[in-house]
Every structure is written in C-alpha cells, then in structure tokens.
Amino acid sequence: MMRKNKAVMIGAGLANMAAAVYLIQEGHWSGDAITFYALDQHGSNDGDTTDAVTDEYWNKNHPMENTKGYVARGGRMLNYRTYVDLMDLLDRIPSATEKGMTAAEDTRDFDAKHRTFDKARLLEGSRGILESGKLGFNNTDRLLLTKLIMMPDSQETVLDNVTIADYFQDDPHFFETNFWFMWETTFAFRTKSSAQELRRYMHQMIYEFTQIEHLVGVNRTRYNQYESIMLPLINYLKEQGCQLILNRRVTDFIFKETPMNDEITVTGLKMTNTETNEVENIKIDNDTAVIFTNGSITDSATLGDYDHAAPENMDYGAASSLWKQATNHFYNLGNPDKFFADRDASEWVSFTLTTKNHLLLNEITRITNQLPGNALNSFISTEPITPLNQKDVNMSIVVHHQPHFTSQKPNETVLWGYFLYPRRHGEFVDKPYIEMTGKDMALELIGQLSKVDPGPINIKDRQTEILDSIINNIPVYMPYASALFNNRAKTDRPEVIPDHSTNLAFTGEFVEQPYQMIFTEQSAVRSGEIAAYHFAGIPMNRLVKTPRYDKDIKTLIRATKKMFD
C-alpha cells in the first residue's frame, strides 16, 4: 500500500464519489483533502429536467429548440443480492429526499412497497404477451451455457478476444431463444460483446435464470438514480468539505521520468476550463493520490428533441482520451481502443418521453396488463432483422413508478426506452433509429404497442390524442453506452492499482477486478472502495464480501432445472 493524505479525483461519477466516502469514513480523512475535477456531476447515473443539462459540455455545440420535460440518458436496475458494495455505500449517507433515512433505507423502503413483478417482459405481434418463462433452449444451448457457468475463474483467459457471436457460432439457435431476448435487453449485451463478460454474468447472476421473466430480483430507487443515488453522495461530500470543480476536461497526465520507465507517478495534470477555454496546470505532490475514472459510457452523448434527432458526436471521449494518453507512457495500463474505437459494438439510442397527462401511461398499462414500475417491456420484430436472418428485439421501454422526478407534476408521465441497435430501421417509421426525432420515436412506440394491443379499441386509434399529450421526447445518442461490454482480453483493462504505480489508481467500469461484472453500480463502487483502502492504508480483507452464487449448490440446481423447463 502507498498511503497518502490527499486526493485528486478525475471524474465525479459514482466510482470516485464512493472512493471519497470510504476515504472519509474508513480512512478518517478530512473532506477538504479531496478535490474533484469533472465535466459535470451527473455521471452515468443521471436524470434531470431537460433545461438543466442543455448547457453541459457534450450539449453545448448542439443547441435544442425544445428544452421542456425530463431526460435520463440511461438507467440501471439494482439488485441487493449482488450489489453489496453499493448498498454498503448508500447506508453510509443520508437520503436526499426522505428525512431520517439513509439512501439505502430510502431505496429499501420504496422497493418493499413497490415490488417488481413483470407480466409482459416480451411482446410480439400477433402473439401478444409471450410466455417468456419458457427460455426456449435446445440441448446445444444448454451445453454451451453450462460450459460458461462451470468455467473456473482461472480459465477465463480462454475467452480473451472471443465475442458472444464467436462463442455460439455453431449454435445460431441461441440467438432466437426467449432467454437471449431477455438477457440482451436486461443487461444491454450485444452479439459483438465479450463472451468473457457474459461468463461473469452467468456466474454472478446465475440465480436470475429462475426469475428473469418477471424481474423479481430487480430492486428500484424511489426516484431517478441521480436524485436517489448521486445527489445524496454530492450533498454528503460537499457537507464534508470536498471541493467539486466542474467544467474541467483533464487532457494530460504529467508523469515522473524514470530511466527504465518502470515507475508510474503523476506529478501534474493539464486541463481545460471548458467555460473559458483556458488551460490550467495542477501540481501533484508526493502526499497526493490521483484517482481516475478512465472511461464513461455517457461521454460524447448528445441530445435531440421532439422535432430533431440527436446529432452524432465523433469525440473519442474525455475520460478515454486521457486514458489513452496514459497508455502512451506505460504498457500495463490497458487498451482503450478496444472499448472506444468500435462504435458498431457499443452505440445505442435512448429516449425520455414526458407527457402532460396519463393517456399513454394508461394505454400501456392496459396493453401490458400491469401497473407502472413493474416492467421492462421488449418488442420482438415482425420480420428477421439480424445478420443471421433472425428476429430480434426492436426496442424496449421502462415505465417507471410515477413520479420519477421530484419536480414532476401530478398530471405528468415520464417513461424511458432504448434501441440497442441504432442503425436498424424502424418498423413504423422508415428511418434508422439514430436518425429519428422524438416524434418519430413516439410513433414507433405507438406502432409497436399497436401490434400487441388486445383491443377492442387499438392504441393507434388514439395516436393523434397521444401525440398531442407529449410535452417533449428527448432522443439521446450514446456512442459508448455498451462499450464496457466490448470484446476484450483481460489485459485490455488496467487494474485498480497498476503494478509500479505510486499514486495513480483507476476506477469505474473499465478496470479489471477479479470476478466482478461490469455495467453495474456494484463494480464501480467496489473499484472506488479498493482505491480508497489502498491509499488510506486499510487492509483489503476489510472490503465488503462478495457473494458467490455460482458456488451455491441450491442456486445451481434451480438454474439447471430452469434450463429444462
């Protein structure tokens, strides 16, 4: 361990905020010893009124005409059974909205009163709500999945640079199963994603086999994840005296020069003030740790509105550009190009739709036969749309428990949806999803709902009325939304504390941690926890214990039984 007494955080997302909390509470640091430099404070766990985010860094060059309503670039489901580090973190800070509760108690209280039970996980035209509990496996599917589940951690490198499509190349049937339709849309896997990461999900989420069609293992926050997770952290850290300096893009590390280039020591940072375009230089002394979130799935994300598509931003990303600059100096810090130079594997488009009444909400409730807050509804295509000439999911929506924002009016509805393959064409609007306006996406949604509407009056008959109710619909193009799943080898991501590092740690979703799966708040928090323990001199055996359901015999038996249902 390399003990320090001060820290500079590059990035103000969940991972670095977690690191700060653990430094303060476990390392007994003073909050004023911790300084954040970041573009904004929303991170990937975002959600806000649209007018609050239009002037942020990635949107400045793409002004919007309609800034009404709400926007959340994405959202992630929680799971208490595996998100043990996240829940530990949230138990340490007060809720931002519920007096007398920690942020964890707030979430548990809400979730206990609004349990998830999805009745319409998959929908298909002419068939309506599918019996998705029938996973649809054949024996080859079962054999290949069993090999993934039984593969020990020590053999994981055999899946280096193997995509999911590669792994199942002799079993195309797998991609037509209900299991795949649910798995890809629950977790945002794509066929070009890493088989190595799929294996980790098979291990850590193995118990989901028995409940994935109803999502009963999903836990949800009271409001959007910015207000229920990030805002409590921001409030707590500010009260502790941490400095949060926004509108800064760190562009360069200044490293100590050594004869053999075998010591990683940051001596300075170069950054741009994005409001003034002035260059600033920060010195890093020997008593300061630098904790760096080296990639963001919402970097380079852009917004559209009801009448405009989200423009495509070709920026490599702020965090990933800095990561790449570091790899130019040292060979053991991973390969950012594997994650940020293949948009065909990583991009998707989401939308946040705000209405002035509950007409659309009630129509979705009628068609799916369930109340808001229970569902992730995925619509399967009418015709084959994949390179293997197979059907696949077109789009998915999440209808939140209302209100989803604290400032939301009682008459307003907010729902969210996404297209995992944004270059595909709509079935009802003949455009690639990436070129669709908010109105186009609303029409596509109404069309998908109309295919599965049991009647007697079809939702399409109320299309004009529904469109008139829309305050705004914000398309969001995210070139790196699934980048963390991109095909990789284990050495393509740096360890939280790289070999030979004296003061630099990496955090977030693009670091290599034993066993941990990514795209979860769990892995982000744990990376920050590890960095904090390292620089505070706390033994690693005090880290929150990670459950291993893949080694639980009862869980494995239930999963095996489900495979054959």
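On a predicted model such as this, the values are computed, not experimentally measured, just so you know.

A.B. asks: Now, about the overall build of the protein chain: what can you tell me, with residues and values included?
C.D. replies: For the protein chain, the helix and strand inventory stands at 17 helices and 18 strands. Its C-alpha atoms give the protein chain a radius of gyration of 23 Å, within 12% of the compact-globule value 24 Å for 565 residues. On the principal axes, the C-alpha backbone points of the protein chain span a range of 75 × 50 × 45 Å. As displayed, the protein chain has an accessible area near 21,000 Å², and 50% of this comes from carbon and sulfur atoms. Taken together, the 57 basic and 75 acidic charged side chains of the protein chain have centroids lying 4 Å from each other.

A.B. asks: Describe in detail the pairing of strand β13 (residues 348-355), supporting the description with residues and values.
C.D. replies: Summarising burial for β13: eight of the eight residues are buried, a large majority. Residues Trp348, Ser350, Thr352 and Thr354 line one face of β13 and the alternating positions Val349, Phe351, Leu353 and Thr355 line the opposite face, and both faces are buried. By the bridge criterion, seven bridges tie β13 to strand β16 (residues 413-419) in an arrangement that is antiparallel. Pairing of Thr354 across the sheet is with Val414, part of β16.

A.B. asks: I'd like a description of the packing of aromatic side chains, backed by residues and values.
C.D. replies: With the rule as written, the count across this model stands at 36 aromatic pairs. An angle of 45° between the planes, with centres 5.0 Å apart, marks the rings of Phe340 and Phe510 as tilted. Taken as a pair, Phe340 in helix α11 (residues 337-340) and Phe510 in the loop between β18 (504-507) and α16 (521-536) lie far apart in primary sequence, 170 residues in all. Residue classification places Phe340 among the buried residues on the basis of a relative accessible area of 2%. On the numbers, 4.1 Å between centres and 15° between planes, the contact of Phe419 with Tyr433 is stacked. Here Tyr433 lies in the loop between β16 and α14 (438-452) and Phe419 lies in strand β16, a separation of 14 residues in the sequence. The two residues Phe419 and Tyr433 agree in class, both being buried. Sitting above the plane of the Tyr80 ring, Arg108 keeps its charged end 5.5 Å from the centroid. Over the ring of Tyr515 we find Arg548; its NZ or CZ atom is 3.6 Å from the centre of that ring.

A.B. asks: Provide a residue-level description of the sheet that holds strand β10 (residues 279-283), including the pertinent values.
C.D. replies: Across the sheet, which stays open at both edges, the three strands sit in the order β8-β9-β10 with antiparallel pairing between neighbours. A single partner strand is all that each edge strand has here, and the edge strands are β8 (248-255) and β10. Between one strand and the next, the sheet's axes are offset by a mean angle of 25°, whatever the strand orientation. With five bridges connecting them, strand β9 (residues 266-273) and β10 associate as antiparallel partners. Looking across to β10, one finds that Met271 is bridged to Glu280.

A.B. asks: Which residues make up the packing of helix α7 (residues 178-187) against helix α8 (residues 195-204), and what are the values?
C.D. replies: Axes are the key here: two packed helices are described by the angle between their axes and the distance separating the axes. Taken N-terminus to C-terminus, the directions of α7 and α8 make an angle of 95°; their axes are 13 Å apart at the nearest point. The pairing of α7 with α8 is recorded here as roughly perpendicular in orientation. Contacts between α7 and α8 pair Phe179, Trp183 and Phe187 from the former with Leu198, Tyr201 and Met202 from the latter. Taken together, the residues of the contact of α7 with α8 break down into six nonpolar, no polar and no charged.

A.B. asks: How would you summarise the sheet that holds β16 if you had to cite specific residues and measurements?
C.D. replies: With mixed pairing, eight strands are arranged side by side in an open sheet as β6-β5-β14-β15-β16-β13-β17-β12. Strands with a single pairing partner mark the edges of an open sheet, and in this sheet they are β6 (128-129) and β12 (302-303). Lying on the sheet, α14 is in contact with β5 (122-124), β6, β13, β14 (377-380), β15 (393-399), β16 and β17 (470-478); it crosses β17 at an angle near 100°.

A.B. asks: Go over the pattern of salt bridges, please, and point to the residues and values.
C.D. replies: Inspection of every chain in the model, using the stated rule, returns 40 salt bridges. Here Glu213 ties to Lys562 by a salt bridge, and the two come within 3.0 Å at their closest N and O atoms. Separated by 349 residues along the polypeptide, Glu213 in the loop between α8 and α9 (225-239) and Lys562 in helix α17 (residues 553-563) bring together distant segments of the chain. A salt bridge links Glu427 to Lys451, with the nearest nitrogen and oxygen atoms 2.9 Å apart. Highlighted residues: Glu427 in the loop between β16 and α14 and Lys451 in helix α14, separated in sequence by 24 residues. If you follow the salt bridges from partner to partner, you end up with Asp153, Glu156, Arg199, Arg200, Lys490, Arg493, Glu512, Arg548 and Asp550 in one network.

A.B. asks: Can you explain helix α4 (residues 103-113)? Please cite residues and give values.
C.D. replies: Three or four residues apart is the spacing at which side chains of an α-helix point the same way, because the helix has 3.6 residues per turn. Those residues of α4 that fall on the buried side of the exposure criterion are Ala103, Ala104, Asp106, Thr107, Phe110 and Asp111. Looking straight down α4, one finds that the buried residues subtend no more than 160° of arc, so they occupy a single side. Residues Ala112 and Lys113 are exposed on α4 and point more than 90 degrees away from its buried face. Next to the buried residues of α4 lie α3 (84-90) and α9.

A.B. asks: Describe in detail the side chain of Asn66, supporting the description with residues and values.
C.D. replies: Mapped onto the secondary structure, Asn66 falls in the loop between α2 (50-53) and β4 (70-71). A polar side-chain atom of Asn66 sits 3.0 Å from the main-chain amide nitrogen of Lys68. In terms of polar contacts, Asn66 uses its side chain to reach the side chain of Asn472, at 2.9 Å. Filtering out sequence-adjacent residues up to four positions away, Asn66 remains in contact with Asp305, Tyr306, Ile471, Asn472 and Ile474.

A.B. asks: If you had to explain the pairing of β15 to someone new, which residues and values would you point to?
C.D. replies: Within β15, seven of the seven residues are buried, which leaves it mostly tucked inside the rest of the structure. Alignment of β14 against β15, held across four bridges, turns out to be antiparallel. The residue bridging Asn377 from the neighbouring strand is Ile397, located in β15. Examined bridge by bridge, β15 and β16 share four bridges and lie antiparallel to one another. In the sheet register, Val398 faces β16, and the bridge partner there is Trp416.

A.B. asks: Go over the nonpolar core, please, and point to the residues and values.
C.D. replies: Leu145, Trp183, Phe209 and Phe253 are the most contacted members of the largest nonpolar core, which totals 140 residues. Broken down by element, the residue count for this core peaks at 10 residues, all from helix α1 (residues 14-25). Not counting the four nearest positions on each side in its chain, Trp183 is found in contact with Ala188, Phe189, Leu198, Tyr201, Met202, Met205, Glu208 and Ile212. Core analysis: the next-biggest nonpolar cluster, separate from the first, contains 34 residues, Met395, Leu415, Ala442 and Ile459 among them.

A.B. asks: Give me the environment of Asn219: which residues, what numbers.
C.D. replies: Locating Asn219 in the fold gives a position in the loop between α8 and α9. Sequence separation between Asn219 and Tyr549 is 330 residues; the distance between their C-alpha atoms is 18 Å.

A.B. asks: An account of unusual backbone geometry is needed here, citing residue identities and associated values.
C.D. replies: Each neighbour pair has its own omega, and for Gln402 with Pro403 the value is 0°, a cis peptide bond. Note that Pro403 resides in the loop between β15 and β16. In this chain, Gly455 is followed by Pro456 through a cis amide linkage whose omega measures 10°. Backbone geometry at Leu215 places phi at a positive 55°, although glycine is not the residue there. By secondary structure assignment, the location of Leu215 is in the loop between α8 and α9. We classify Leu215 as buried; its relative accessible area is 1%. The phi dihedral of Ser300 is positive, around 65°, even though this residue is not glycine. Relative accessible area serves as the criterion here: at 0%, Ser300 is assigned to the buried category.

Reading the values: the criteria
- Residues numbered from 1 in each chain as written.
- Predicted model: local features only at pLDDT ≥ 70, side-chain atom pairs only at ≥ 80, totals over all residues.
- Heavy atoms only, no water.
- Helix = DSSP H or I, 4+ residues; strand = E, 2+ residues; numbered from the N terminus.
- Rg over C-alpha atoms; globule rule 2.2 N^0.38 Å.
- Areas by Shrake-Rupley, 256 points an atom, 1.4 Å probe, with all protein chains shown as cover.
- Lys, Arg positive; Asp, Glu negative; His and termini not counted.
- Charge placed at Lys NZ, Arg CZ, Asp CG, Glu CD.
- Buried < 20%, exposed > 50% of the residue type's maximum accessible area, 1.4 Å probe, protein only.
- Pairing = 2+ DSSP bridges.
- Phe/Tyr/Trp six-rings, centres within 6.5 Å; stacked < 30°, edge-to-face > 60°.
- Lys NZ or Arg CZ within 6 Å of the ring centre and 35° of its normal.
- Axes fitted to C-alpha atoms, helices over the stretch in contact; angles between N-to-C directions.
- Parallel < 35°, antiparallel > 145°, perpendicular 65-115°, else oblique.
- Contact = heavy atoms within 4.5 Å.
- Nonpolar A, V, L, I, M, F, W, Y, C, P; charged D, E, K, R; others polar.
- Salt bridge = Lys/Arg side-chain N within 4 Å of Asp/Glu carboxyl O.
- Arc of directions from axis to C-beta.
- Polar contact = N/O pair within 3.5 Å; in protein donor to acceptor, adjacent residues only side chain to side chain.
- Core = buried A, V, L, I, M, F, W, Y, C linked by side-chain atoms within 4.5 Å.

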